[in-house]
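Chain by chain, the residues:
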Amino acid sequence: MVINLSLVSHTNVGKTTLARTLLRRDIGEPRDHAHVTETADAHELLITPEGDELRLWDTPGLGDSVRLLQRLRASGNPLGWLQTQVWDRFTDRPFYSSQVALKAVREHCDLMLYLVSAAEGPESSGYVAPEMQILGWMDRPVLVLLNQTGAPAGPEATARELAAWRAHLQPYPWVKGVLSLDAFNRCWVQEDALFEAVQNALPAPQAQAMARLRAAWRSRNLEVLDAAVGLLARPLAQAATDSEALATPRDWRQRLGGWIKARVGGAEADLDPEIAAAMQALAQRYDARVRAATNELIRLHGLAGEAEREIPARLAAAHHAVDQRLDPSKAGLAGAVVSGALGGLAADLAAGGLTLGMGALVGGVVGLLGAAGAAQAYNLARGAEDGRVRWSHAFLTQRLEVAVLRYLAVAHFGRGRGNWVQAEDPRAWVDTVHELVTARAERLEALWTQAQGIRPEGDPPVAVIESLCSEIRALVNAALARLYPDARAVLEAGPAP
């Protein structure tokens, strides 16, 4: 069975952009001006093994809605036909295209997806009332989608926005639901909610076919999620088991201690070249692995573009200036600024020891974090009797947070937005992920301890990767359930965390 969904909206609200996002491929030519789409075109969205097919129609935007409604109502009489086929066809091509497209939609579609701009609000969208009458003339069920919602603002703000639009559209019985689905920032769990609403709005047996289509769509997205978790876990597992040997293990702690004491005392001091080189080697390997995995993650989600560097390609710790004296008796930010070739890498003096902490990157300025006293700096190389530099547990936990945030960013990035570009994460995401990771601190500490007790030749052991996959999947599930409470059933359909 074939089910046809038609995207309909006022002109320049983003139908083609949303179509690209849903289809995971480029169609049409989205541009920031009216009447870009001139014909109604059907595109295959999904086909099930049982032969059910879901088609998505992209249509011209509705411009002069009041006049358009008059033309559509008069299209059955000779004068109306003459106005459309002769006068409008040759004097107002976009207006003519709208009429032809809507008649095609009325003939073929099973349900209409009507987009409105959430940026304007229901009371400010004067075009909605006449276009609702046009949709009523089409005599098909309608789902209203809030597009152009901006960056995700959390479930409470979304609920308030939806309630306002539902109240505004209550007088129109053909509207069967209102959902938030931004072409730029939607997530796949919202697509599942859309398909559920489509299923509920269709009569049987179409609803049964839509249930099969929805199950296939969900299964595909859960497979993508599983693959994404694996891509996120591998670089972290490699970082957790990675280390860099120092050529002269007997005196490296003394040399590192001398550098720390000079820094604490406010004197100029250079990090030992051998230690700096080890830090740089770790950073370069980590950066290359994460960027390669992120590029695969981007492709996995049907996007284009390349990941940016996590860490600068060249690390030198010799160029730095202290803005205020470090106090080894107090934990916390020491307010030191690192400049020059150090660029984007912060060396942190944290409770777990001297770490390479990437969370200090803010606006290109890197801080030197200090805590717990310089005497513990040798913990940079855990089990340091053999003189090896490793990533600290604090760094690895921080990178786990970043990995979950990276997944959320890619999973929300709509193809209609263009090539992948890393942007600032919404506050709701950052707070949610940090809280969830903090709650698992003991589990993560045990995981890092286990991983750093291993010195694999080549890839990390399967057990480490599997443990990280389990942690990341649990965090992703919890984050999505927190951000989209209605998505819990979808997430529970996948592997248990």
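Everything numeric here is computed off the predicted structure, so don't read it as measured data. (Residues numbered from 1 in each chain as written. Predicted model: local features only at pLDDT ≥ 70, side-chain atom pairs only at ≥ 80, totals over all residues. Heavy atoms only, no water.)

Visitor: Which residues make up the overall build of the protein, and what values go with them?
Guide: For the protein, the count of helices and strands is 15 helices and 13 strands. The 497 residues of the protein split such that 53% are buried. Sequence-distant contacts, at least 24 apart, represent 71% of the contacts inside the protein between residues at least 6 apart. Accessible area of the protein: about 21500 Å², with a carbon and sulfur share of 52%. (Helix = DSSP H or I, 4+ residues; strand = E, 2+ residues; numbered from the N terminus. Buried < 20%, exposed > 50% of the residue type's maximum accessible area, 1.4 Å probe, protein only. Contact = heavy atoms within 4.5 Å. Areas by Shrake-Rupley, 256 points an atom, 1.4 Å probe, with all protein chains shown as cover.)

Visitor: Go over helix α10 (residues 273-300), please, and point to the residues and values.
Guide: Taking 1.5 Å as the rise per residue, α10 with 28 residues should run 40 Å; its terminal C-alpha atoms sit 40 Å apart, in good agreement. Just downstream of α10, G302 is the residue with a positive phi angle, here 70 degrees. (Expected span 1.5 Å × (residues − 1).)

Visitor: Report on the pattern of salt bridges, specifying residues and quantitative values.
Guide: Taken as a whole and assessed by the stated rule, the structure comprises 19 salt bridges. Measuring nitrogen to oxygen at the nearest pair gives 3.7 Å for the salt bridge that ties R214 to E196. Of the two residues, R214 is situated in helix α8 (residues 206-241) and E196 in helix α7 (residues 188-201); the sequence distance between them amounts to 18 residues. One network of salt bridges, with partners in common, ties together D192, E196, R214 and R218. (Salt bridge = Lys/Arg side-chain N within 4 Å of Asp/Glu carboxyl O.)

Visitor: Account for the packing of aromatic side chains, naming residues and giving values.
Guide: For the coordinates displayed, the defined rule picks out six aromatic pairs. Judged by centre distance (5.6 Å) and plane angle (70 degrees), the ring pair of Y286 and F395 falls under edge-to-face. One end of the pair, Y286, is in helix α10; the other, F395, is in helix α11 (residues 393-412), with 109 residues separating them in the sequence. Given the relative accessible area of 1%, F395 is considered buried. An aromatic cluster of at least three residues, connected via ring pairs, comprises Y286, W391 and F395. Lying across the ring of W217, R220 places its NZ or CZ 4.4 Å from the centre. (Phe/Tyr/Trp six-rings, centres within 6.5 Å; stacked < 30°, edge-to-face > 60°. Lys NZ or Arg CZ within 6 Å of the ring centre and 35° of its normal.)

Visitor: Any details on the environment of A411? Residues and values, ideally.
Guide: As for its placement among the helices and strands, A411 is situated in helix α11. Here A411 falls in the buried class, since its relative accessible area comes to 2%. It is 9.8 Å that separates the C-alpha atoms of A411 and L300, two residues lying 111 residues apart in sequence. In contact with A411, not counting residues within four places along its chain, are R186, C187, W188 and H301.

Visitor: Pulling in residues and values, what's your account of the packing of α11 against helix α14 (residues 462-483)?
Guide: Where α11 meets α14, the closest approach of the two axes is 10 Å, and the angle between their N-to-C directions is 55 degrees. It follows that α11 is oblique to α14 by the angle criterion. Crossing angle aside, the handedness with which α11 passes α14 is right-handed. The residues of α14 that touch α11, namely those facing L400, V404, Y407 and L408, are I472, L475, V476, L480 and L483. Split into classes, the residues belonging to the contact of α11 with α14 amount to nine nonpolar, no polar and no charged. (Axes fitted to C-alpha atoms, helices over the stretch in contact; angles between N-to-C directions. Parallel < 35°, antiparallel > 145°, perpendicular 65-115°, else oblique. Left-handed = near helix turned anticlockwise from the far one by under 90°. Nonpolar A, V, L, I, M, F, W, Y, C, P; charged D, E, K, R; others polar.)

Visitor: Give me the lowdown on the side chain of N4, citing residues and values where you can.
Guide: Relative to the helices and strands, N4 is located in strand β1 (residues 2-9). Among the polar contacts made by the side chain of N4, one reaches the side chain of W57 at a distance of 2.9 Å. The contact partners of N4, leaving out residues within four places of it in the chain, are R55, W57, H108, C109, D110 and L111. (Polar contact = N/O pair within 3.5 Å; in protein donor to acceptor, adjacent residues only side chain to side chain.)

Visitor: Pulling in residues and values, what's your account of helix α1 (residues 15-23)?
Guide: Burial of α1 is extensive: nine of the nine residues sit out of reach of the surface. Those residues of α1 that sit buried are K15, T16, T17, L18, A19, R20, T21, L22 and L23. R24 sits one or two residues past α1 and shows a positive phi near 65 degrees.

Visitor: Break down the confidence of the model for the protein for me, with residues and values.
Guide: Overall, the predicted model of the protein reaches an average pLDDT of 74, with 69% of residues at or above 70. At the low end of the mean pLDDT range in the protein sits strand β8 (residues 320-321), at 20; at the high end sits helix α12 (residues 427-439), at 95. The low-confidence segment residues 31-38 (pLDDT under 50) makes 18 contacts with residues lying over four places distant or belonging to another chain. Segment residues 312-385: pLDDT under 50, and 158 contacts once partners within four positions in sequence are set aside and those in other chains are kept. (pLDDT = per-residue confidence, 0-100.)

Visitor: Could you give me a rundown of the environment of D192, with the residues and numbers involved?
Guide: Tracing the backbone shows D192 in helix α7. Expressed as a C-alpha distance, the spacing of D192 and N221, which sit 29 residues apart in the sequence, is 9.2 Å. Discounting chain neighbours no more than four positions away, the residues touching D192 are R214, R218 and V490. Among the polar contacts listed, one links the side chain of D192 to the side chain of R214, at a separation of 3.1 Å.

Visitor: So what's going on with the pairing of strand β4 (residues 111-117)? Which residues, and what values?
Guide: When you tally the buried positions in β4, you get seven out of seven residues, the bulk of the element. Here β4 shows no split at all, with L111, L113, L115 and S117 on one side and M112, Y114 and V116 on the other all buried. Examined bridge by bridge, β1 and β4 share five bridges and lie parallel to one another. Bridge pairing in β4 places L7 opposite L113. Where β4 and strand β5 (residues 142-147) come together, six bridges link them in parallel fashion. Bridge pairing links L113 to L143 in β5. Remark: the β4/helix α5 (residues 128-138)/β5 crossover connection has right-handed handedness. (Pairing = 2+ DSSP bridges. Right-handed = clockwise from strand over helix to strand, strands pointing away.)

Visitor: Now, about the packing of α12 against α14: what can you tell me, with residues and values included?
Guide: α14 packs onto α12 with a crossing angle of 135 degrees between their chain directions and a minimal axis gap of 10 Å. Judged on the interaxial angle alone, α14 and α12 are oblique. The two elements α12 and α14 meet at a crossing, and its hand is right-handed. Across from A428, W429, T432, E435, L436 and V437 in α12, the residues of α14 making contact are L475, A478, A479, R482 and L483. Here the contact of α12 with α14 is built from residues that sort into eight nonpolar, one polar and two charged.

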